[in-house]
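# Architecture and fold: a report
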Amino acid sequence: MSAPLLEIRDLHKSFGSVEVLKGVDCTVQAGEVISIIGSSGSGKTTMLRCVNMLEDFEGGSIRIDGEEIGYLTDGGRRRRKPEREIARQRALTGMAFQQFNLFPHMTALENVMLGLTLVKKMPADAARATAEGWLDRVGLLNRKDHRPSKLSGGQLQRVAIARAIAMSPRLMLFDEVTSALDPELVAEVLQVITDLARDGMTMLIVTHEMRFAFDVSNRVIFMNQGRIGEEGDPKTMFANPSTERLAEFLKNSRFS
Amino acid sequence: MESPTILELIWSARWPILYGLGTTVLISALAIAGGTVIGVGLGLVLAYGNLAWRFAGRLYTDFVRGTPVFVLVLASYYILTTIGLDLSPFQAGVLALTVFCSSHVGEITRGALQTIPRGQTEAAKAIGLGFGQTFRYVLAPQALRLGLPAWINTAAEMVKASTLLSVIGVAELLLRTQEVISRAFHSLEFYLLAGALYFAINYAIERFGSYVERRVATD
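In short, a report on the structure. (Residues numbered from 1 in each chain as written. Chains lettered and ligands numbered in written order. Predicted model: local features only at pLDDT ≥ 70, side-chain atom pairs only at ≥ 80, totals over all residues. Heavy atoms only, no water.)

### Some details on the sheet that holds strand S9 (residues 171-175) of chain A
Residues and elements named next belong to chain A. The condition is simple: Here, strands pair whenever DSSP counts at least two bridges between them. Helix and strand definitions here come from DSSP, where helices need a minimum of 4 consecutive H or I residues and strands a minimum of 2 consecutive E residues; each element is numbered from the N-terminal end. Axis angles are defined between N-to-C directions and span 0 to 180 degrees, where every axis is a line fitted to C-alpha atoms and, for a helix, only to the segment in contact. Here, two residues are considered to be in contact whenever any of their heavy atoms come within 4.5 Å of each other.
In spatial order, the strands read S8-S9-S10-S3-S11-S12; together these six strands make up an open sheet with mixed pairing. At either margin of the open sheet sits one strand with a lone partner, and together these are strand S8 (93-96) and strand S12 (227-232). The sheet shows a mean angle of 20° between the axes of neighbouring strands, direction not considered. In this structure, strand S3 (residues 33-37) lies alongside strand S10 (residues 203-206), joined through four bridges in parallel fashion. Within S10, the position partnered with Ile36 by the bridge is Val206. This element, helix H1 (residues 44-51), spans S3, S8, S9, S10 and strand S11 (219-224) of the sheet and lies at about 145° to S9.

Right under this line is the structure:
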């Protein structure tokens, strides 16, 4: 077995006095598509946000390709890495957000190009070509000069995914990317993610779309009260949940 | 001998009036420019500084904003001398207005930056932008648009506040107008003229503001 792409060890995270992650362990191999499910407050989004240091964490470690993310330990003391180093490490992952978070003062194309020119230091024409290629991939090349205010929710999310993936990250993080969408716009976004999965992109997907999780993932992680409650391949897990808690969760989310 | 018409009177007073107008524009421009530069820095401290810096910034902003600008002008001219800082009336006046302007711009900047959704910063971080890049390419353009209307207001306030410098003897438009009136009378006409000139300056600022606002509009 090859070295894991992502390795999370004993991850602990608190907001004030509330401990939301109580020791999470998770190993992801390159090419795996993993859905993280669980009820609100179970810690799934927080776990995702720790991976790219949008949240600091107090205990445990996260490694991408063996490289420790966010913190370094010398002489037994754990210190946050310098901001510049963290910025570089964040570019190892791409993230799509529930609220899209496109930059409203830039066109779709400029949104995708920004990281390519500033972080990847690509010349403008190469960045433009790359960005147009990805906008084409998500079916929005004909919308490239539109500002976000002129795009639908589904289009916004597809541009946001193009923006993240154009950076050629080692790992894509999807944080409830369809939760803010009207029901009829969900399918186009899920289709884009499914296509990327088929291309071999490694992904961690936090989602409430059980059908999608079932179809797209190699593995499903069920988070429960800050811990991994159960994990396994979706067919086994959804058919025969081995914990009471998952059975109840699946029943309530009306997976069909 | 015929008495001169009002136009002849204004014409004969054109140099002092124009000189006063130029001084008013210069004072306002210096105060707005200086106040904006300091104010944006102050806004950054208020929005992103650590606790100690924020506290210091908050103290400065609230103190200055809570003080009448007239008191700042007098203090700048009369009090700074007692600690050995000998400023000319012009320098003292510009300093007072700059300080006043900076506190307002600081508050505008902080407000604008904090209105931008958190997700904007997070999205910028997620693609690997550092703080400086995030600020320059993502936050500043949005803050500019959000803060512009309030900034235009403040700039116009600065022009009006510049009249207070007449009290410490700065020969700006109001003081020049009063000097002309003391020689030529016709106070109504000359005050109307001064009023029209102040309006012209602020109208120009307002036009400039709408021009920039159109340029940075996001839809």
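### Describing the side chain of A:Lys81
All names here are of chain A. Where we set the bar: Only protein chains enter the area calculation, which uses a 1.4 Å probe; residues under 20% of their type maximum are buried, those over 50% are exposed, and those in between are partly exposed. Residues scored as positive are Lys and Arg, those scored as negative are Asp and Glu, and His as well as the terminal groups of each chain are ignored. Every case where a carboxyl oxygen of Asp or Glu lies within 4 Å of a side-chain nitrogen of Lys or Arg is listed as a salt bridge.
By the element assignment, Lys81 lies in the loop between strand S7 (77-80) and helix H2 (83-90). Buried charge Lys81 goes without a salt bridge, the closest partner of opposite sign being Glu85 at 4.4 Å. The contacts of Lys81, once residues within four sequence positions are left out, are Glu68, Gly70, Tyr71, Leu72, Ile86 and Gln89.

### Remarks on the environment of B:Gly169
Here B:Gly169 is to be found in the loop between helix H7 (131-161) and helix H8 (173-184). With 153 residues separating them along the chain, B:Gly169 and B:Pro16 place their C-alpha atoms 14 Å apart.

### Some words on the packing of aromatic side chains
Condition: Any Phe, Tyr or Trp ring, taking Trp's six-membered ring, that has another such ring centre within 6.5 Å forms a pair; planes under 30 degrees apart are called stacked, those over 60 apart edge-to-face, and the others tilted. Throughout this description, the term charge over a ring refers to an Arg CZ or Lys NZ atom that lies within 6 Å of the ring centre and within 35 degrees of the ring normal.
Within this structure, the stated rule accounts for six aromatic pairs over all chains. Ring geometry for B:Tyr77 and B:Tyr78: centres 4.9 Å apart, planes at 65°, overall edge-to-face. Above the face of the A:Phe103 ring, A:Arg163 is positioned so that its terminal group lies 4.5 Å from the ring centre. In this structure, B:Arg14 packs its charged tip against the face of B:Trp11, placed 4.0 Å from the ring centre.

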